[in-house]
Amino acid sequence: MTFKDLKLEPPILKALEKQGYSQPTPIQEQAIPILLKGNDLLGVAQTGTGKTAAFGIPILNHLLKEKSSGQGRRKIKALVVTPTRELAIQIAENFTAYSQFTPLRNTVIFGGVKQSKQVASLQQGVDILVATPGRLLDLMNQGYITFRDLKYVVLDEADQMLDMGFIHDVKKIIAKLPPNRQSLFFSATMPKTIVALSQKMLGDFERVTIKPQQATAEKVEQGVYYVSKNNKPKLLIHLLEQRPQDSVLVFSRTKHGANKIVKILDKAKIKSAAIHGNKSQAQRQKALGEFKDGSLKVLIATDIAARGIDVDDLALVINYDLPNVSETYVHRIGRTGRASASGIALSFCMGDERPYLKDIEKLIKQQVPRMGEHPFMEGADVVDGSLNKKPQGRPNNRNRPSNKNSNNRNRNRNKK
Ligand code: AMP
């Protein structure tokens, strides 16, 4: 299937061509026709599947077709609510890219910065608003936003909204929306509270499920190193030193841990920066900007800060800590091997984290390949004898990562 088969408006097709999207991803193939028909949608999918375009393209297509020649200020006709500022910015950037050959305008609002610029942008009039829940509710309560003309609403990453404590804000926002609308609901997982929320928000809906395996396992080469807590820093430095040119995203379970990793790397003369909830919006945007443009090669992130971050050419994700929620693993490794690229995800697993690894493998229905021995095996808790029989590096040069891995790296480099 091609985007042309979906009978999209010419300016949108032109933009997709410019983006280099030659064919729809599975979620786009399934969701776009449903949304073009005007039906509500429940999408069980995480970022990395192409879900932003899956909801963005049909909304833009509808708005283009409906575009009246009416005079006066633009009214908000589409709303996208998403949990983090980084995601909000990214979604708005995607809308801008897909609508670049149309007169449609979007803006993005999020907390942590002064509201004046955002209010000014709203007052100029926009067709599409992308927002995080807190700031949205705040500006609604101050009377800067009305949804009288709203026709399309997207609730993105609903399970993350729940994790971040936004669920009440989200309910209040939904209650203020006009009933006559097309509603889209996306969540990577469907715990009970989220099912209930989806039932509240959606009318008759169609469901599209993109399984984590489809999104990750095929594209991302995965591997796990058994390593003690004390040796994690050494192994990290070792791996980073082998890939000075690659963009690497390192996940830490805690904010404190992320800061500590930056300090350790600093001592080893490896430049890095951390993004997490305790950093100011300006610091986060600076680090992310530098990481995206390639001037910063190593970014350390906590899960919430990194969720949905979309960086071209992200060669490697390192799970410095394994997440205790298996779905998070899928989100993390989805940062590499995005829709059009392949990537590598390496995890560190100390003795205490063994149960997490088991849960992850259950969820993704595959064993994460063991990376064999490495120079910092001391204290590594290898209880299940599941290391590969032969170390994967050259026998007399165990400093090297596995051959399999270096091949992947070269392949990735060649792609660029
Ligand atoms: P998302 O899941 O929306 O965050 O998208 C993941 C990545 O895939 C982003 O970098 C998109 O620009 C890219 N992408 C989305 N749709 C396509 C497509 N049809 N072909 C190639 N890349 C795409």
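The numbers attached to residues start from 1 for each chain and follow its sequence in the written order. Since the coordinates come from a predicted model, pLDDT governs what is reported: local features require at least 70, and pairs of side-chain atoms require 80 or more to be given and counted, while whole-chain, interface and lining totals use all residues. Processing note: side-chain calculations cover all non-hydrogen atoms of the structure and skip hydrogens and water entirely.

Colleague: Explain the pattern of salt bridges residue by residue, including any values.
Modeller: One side-chain nitrogen of Lys or Arg within 4 Å of one carboxyl oxygen of Asp or Glu is enough to make a salt bridge. One pass over the full model with this rule turns up 13 salt bridges. One salt bridge connects E206 with K37, and the closest N-O pair in it is separated by 3.2 Å. One end of the pair, E206, is in strand β7 (residues 205–209); the other, K37, is in helix α2 (residues 26–37), and 169 residues separate them in sequence. The shortest N-O distance in the salt bridge between R253 and E353 comes to 3.9 Å. Highlighted residues: R253 in the loop between β9 (247–251) and α12 (255–267) and E353 in the loop between β13 (343–349) and α16 (354–364), separated in sequence by 100 residues. Here a strand is any run of E in DSSP of at least two residues, a helix any run of H or I of at least four, and the numbering for each starts at the N terminus.

Colleague: Lay out the sheet that holds strand β12 (residues 314–319) with the relevant residues and their values.
Modeller: Two strands pair under a simple rule: DSSP has to find at least two bridges between them. On the basis of which strands lie adjacent, the open sheet formed by 6 strands has the order β8-β13-β12-β9-β11-β10 and parallel pairing. Edge positions in the sheet fall to β8 (220–226) and β10 (272–275), since each has one partner strand and no second. The mean angle between the axes of side-by-side strands here comes to 20 degrees, regardless of whether they run parallel or antiparallel. Whether two residues are in contact is decided by their heavy atoms: any pair within 4.5 Å suffices. Note on method: axes are straight lines fitted to C-alpha atoms, helices fitted across the in-contact stretch only, with angles between N-to-C directions ranging 0 to 180 degrees. The strands that α12 touches are β9, β10 and β11 (298–301); relative to β10, the one it contacts most, it runs at about 175 degrees.

Colleague: Mind laying out α12, listing which residues take part and the relevant values?
Modeller: Look at α12: 19 Å from first C-alpha to last across 13 residues, which is about the 18 Å you get at 1.5 Å a residue. Each residue is placed in one exposure class: buried if its accessible area under a 1.4 Å probe, protein chains only, is under 20% of its type's maximum, exposed if it is over 50%, and partly exposed if it falls in between. Among all positions of α12, only G257, A258, I261, V262 and L265 are buried. The buried residues of α12 occupy an angular sector of 145 degrees when projected down its axis, which confines them to one face. The outward face of α12, more than 90 degrees from its buried face, is lined by the exposed residues H256, K263, D266 and K267. Here a polar contact is taken to be a pair of N or O atoms separated by no more than 3.5 Å, where protein atoms must pair a possible hydrogen donor with a possible acceptor and residues adjacent in sequence count only if both atoms sit in side chains. Taking the backbone nitrogen of G257 as reference, a side-chain oxygen 2.9 Å away marks T254 as the first, capping residue of α12. Just beyond α12, the residue with positive phi is K269, at close to 65 degrees. Take the residue count of a helix, subtract one, and multiply by 1.5 Å to get its expected span. As used here, the arc belongs to the directions running from the helix axis to the C-beta atoms.

Colleague: Requested: an account of the packing of aromatic side chains, with residues and values cited.
Modeller: Any two of the Phe, Tyr and Trp rings considered here, Trp counted by its six-membered ring, make a pair once their centres fall within 6.5 Å; the pair's planes then place it as stacked at under 30 degrees, edge-to-face at over 60, or tilted in between. Evaluated as defined, the whole model comprises 5 aromatic pairs. Centroid distance F55 to F95: 6.3 Å. Interplanar angle 40 degrees. Geometry classified as tilted. Remark: F95 occurs in helix α4 (residues 85–98) and F55 occurs in helix α3 (residues 51–66); sequence separation between them is 40 residues. With a centroid separation of 6.3 Å and an interplanar angle of 80 degrees, the aromatic rings of Y225 and F348 are classed as edge-to-face.

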